[in-house]
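Read off the chains here:
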Amino acid sequence: MIYLDNAATTSLDRDVLAAMEPYFTQIYGNSQSQHSFGRQAAKAVQSVRDSIAARNVCSPEEIYFVSGGTEGDNLAIKGLCHAYGRGHIIISGIEHSALYDSALQLKSEGYELSVIPPAPEGIISPDAVREAIRPDTIFCGVMYANNETGIIQPVQDIYSVCRSKGVFFYTDCVQAAPYMPLSSSLADGLVFSAHKLYGPKGIAALYIRGGTKVKPVITGGMQERTLRGGTLNVPGIVGLGAAYEKCVSTQETVNPYIRSMRDTFLKRVLAEIPGSRLNGSGPMLPSHANISFDGCAGENIVFSLDLKGIAVSTGAACSAGAVTPTRVISSMLGLPRAKSAVRFSFGRNNTPEEIPQVLDALKECVSRIRSV
Ligand code: PLP
């Protein structure tokens, strides 16, 4: 089996699993409890909060633990907008549906929404953001790197534009976090999720700049300074902390390793498979290669490779047999390119030896699909 879908999720690192284990079986107290079980759990949570804050150059009180990138995106945009009660929102057209659909929901509640389309390369222009800002703009969201293309966005410049106009800027760092250092200098709010970093599913860290007014989306207990009710996922938080530390401290060696495999693969696909085209250009994460194959439906390639034991994805949403081509590639390059797009995403557990095997399988699948 060859797994080239690391942008969807990653395997749990064994060291991370080992770090989490005691928090399932021995230190299983509720971190809100006052007895020693609870205090030990609370200490572990605080230590992860501190280390994430140190890495991200912010204060521990500005970090909130949530159930994933999806919840982080929802809480950031809905929490902030609901605190204002009305106003204008800006998001990019390449956002993950967690933010995109939240913005649409806010629009249906009466907020005004501007969606900035990407250039054909997949980039959101800071100038377009500047032009979209109005006196009543309260939130701007542009992701750090796109989940389908891996294209890195000029968030530093976009943040400068927003800051100069007093607009809260939020960046979804779920895809960028495994490869790029994160910092509070990037935005007023950001999120990253453990399962993209060889950590557990169901846990993420959300940074929100201190002093920002945000209403909770999930109400309940007093957890997370009343912003997010619910018993803390202590083993998950410990796993998030361990996974993040390992990822950040090994980026310098892991990034070139992954990039070299991705570049070799991409170069060979484009040279050896006629009618194959890379989707997006410009600065790109080391992991992603989103390629369209003329005359092939992306999902047919995904199914055919799966039969050969190779896992890749289209980025398309499938429901009841109907396949909706990806909004992101569509808005960059049009519908036909989107329909034939396949995302290959490399990770630190891939090996260079897998590349020729994937190439052979891919060539066979593409020519068979084209011949039908
Ligand atoms: N944002 C981006 C860019 C993502 O790629 C994903 C997941 O694929 C999410 C948000 C959602 O994160 P989670 O799966 O942790 O809810």
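Only a predicted model underlies this, so the values are computations on that prediction, with no experimental measurement involved.

Engineer: Mind showing me how you'd approach the site of the ligand here?
Structural biologist: Taken together, 13 residues form the shell around the ligand, and within it Thr 70, Asp 172, Gln 175, Ser 193 and Lys 196 come nearest. At 2.7 Å from an oxygen atom of the ligand is found a side-chain nitrogen or oxygen belonging to Gln 175. Contact distances for the ligand include 2.6 Å between an oxygen atom and a side-chain N or O atom of Ser 193. Computed on the free molecule, the ligand has an accessible area of 390 Å², of which 85% lies beneath the protein chains in the complex. Among the elements that make up the shell around the ligand, the one with the highest residue count is helix H4 (residues 69–84) (three residues).

Engineer: When you look at the nonpolar core in this model, what are you seeing that I'm missing?
Structural biologist: Generally speaking, soluble globular proteins have nonpolar side chains that are buried together. The biggest cluster of nonpolar side chains holds 92 residues, and the ones touching the most others in it are Phe 65, Phe 192, Phe 265, Phe 293, Phe 344 and Leu 362. Considering every element that reaches this core, the biggest residue donor is helix H8 (residues 234–272), with 14 residues. In contact with Phe 192, other than residues within four places in its own chain, are Ile 52, Asn 56, Cys 173, Val 174, Ala 177, Leu 182, Leu 197, Ala 204, Ala 205, Leu 240 and Tyr 244. Within the second largest apolar cluster, 26 residues are counted, among which are Cys 81, Ile 138, Tyr 170 and Ala 204.

Engineer: Just checking my understanding: could you explain the environment of Leu 106 for this structure?
Structural biologist: Secondary-structure assignment places Leu 106 in helix H5 (residues 97–108). Among the residues examined, Leu 106 registers a relative accessible area of 0% and is labelled buried. For the pair Leu 106 and Arg 348, spaced 242 residues apart in the sequence, the C-alpha separation amounts to 38 Å. Not counting residues within four places of it along the chain, the set of residues in contact with Leu 106 comprises Ile 77, Lys 78, Cys 81, His 82, Ile 89 and Tyr 111.

Engineer: Looking at this structure, how should I read the pairing of strand S14 (residues 341–345)?
Structural biologist: Across a regular strand the side chains alternate sides, sitting on one face of the sheet and then on the other. Among the five residues that make up S14, five are buried, leaving the element largely enclosed by the rest of the structure. Of the two faces of S14, the one carrying Ala 341, Arg 343 and Ser 345 and the one carrying Val 342 and Phe 344 are both buried. Bridge count for strand S10 (residues 288–293) against S14 is five bridges, and the pairing is antiparallel. Considered in S14, the bridge of Ser 292 is made with Ala 341.

Calculation rules
The residue numbering used here restarts from 1 in each chain and proceeds along that chain's sequence as written. Reporting of local features is limited, given that this is a predicted model, to residues whose pLDDT is at least 70; pairs of side-chain atoms are given and counted only at 80 or more, and all residues count toward the totals for whole chains, interfaces and linings. Excluding hydrogens and water, the side-chain values take into account all heavy atoms of the structure. Proximity is defined per residue: if any heavy atom of the residue lies within 4 Å of a molecule or strand, that residue is considered near it. Two N or O atoms count as a polar contact when they lie within 3.5 Å, although within protein this holds only if one can serve as hydrogen donor and the other as acceptor, and sequence-adjacent residues are included solely when both atoms are side-chain atoms. Each accessible area value is a Shrake-Rupley result obtained with a 1.4 Å probe; residue values ignore everything except the protein chains displayed when judging cover. Runs of E in the DSSP output that reach at least two residues are strands. Runs of H or I that reach at least four are helices, and both are numbered from the N terminus. Buried Ala, Val, Leu, Ile, Met, Phe, Trp, Tyr and Cys residues that are joined via side-chain atoms within 4.5 Å together make up what is termed a nonpolar core. Burial classes follow relative accessibility: with a 1.4 Å probe on protein chains only, a residue under 20% of its type's maximum area counts as buried, one over 50% as exposed, and anything between as partly exposed. Contact criterion: two residues are considered in contact whenever any of their non-hydrogen atoms come within 4.5 Å of each other. Here, strands pair whenever DSSP counts at least two bridges between them.

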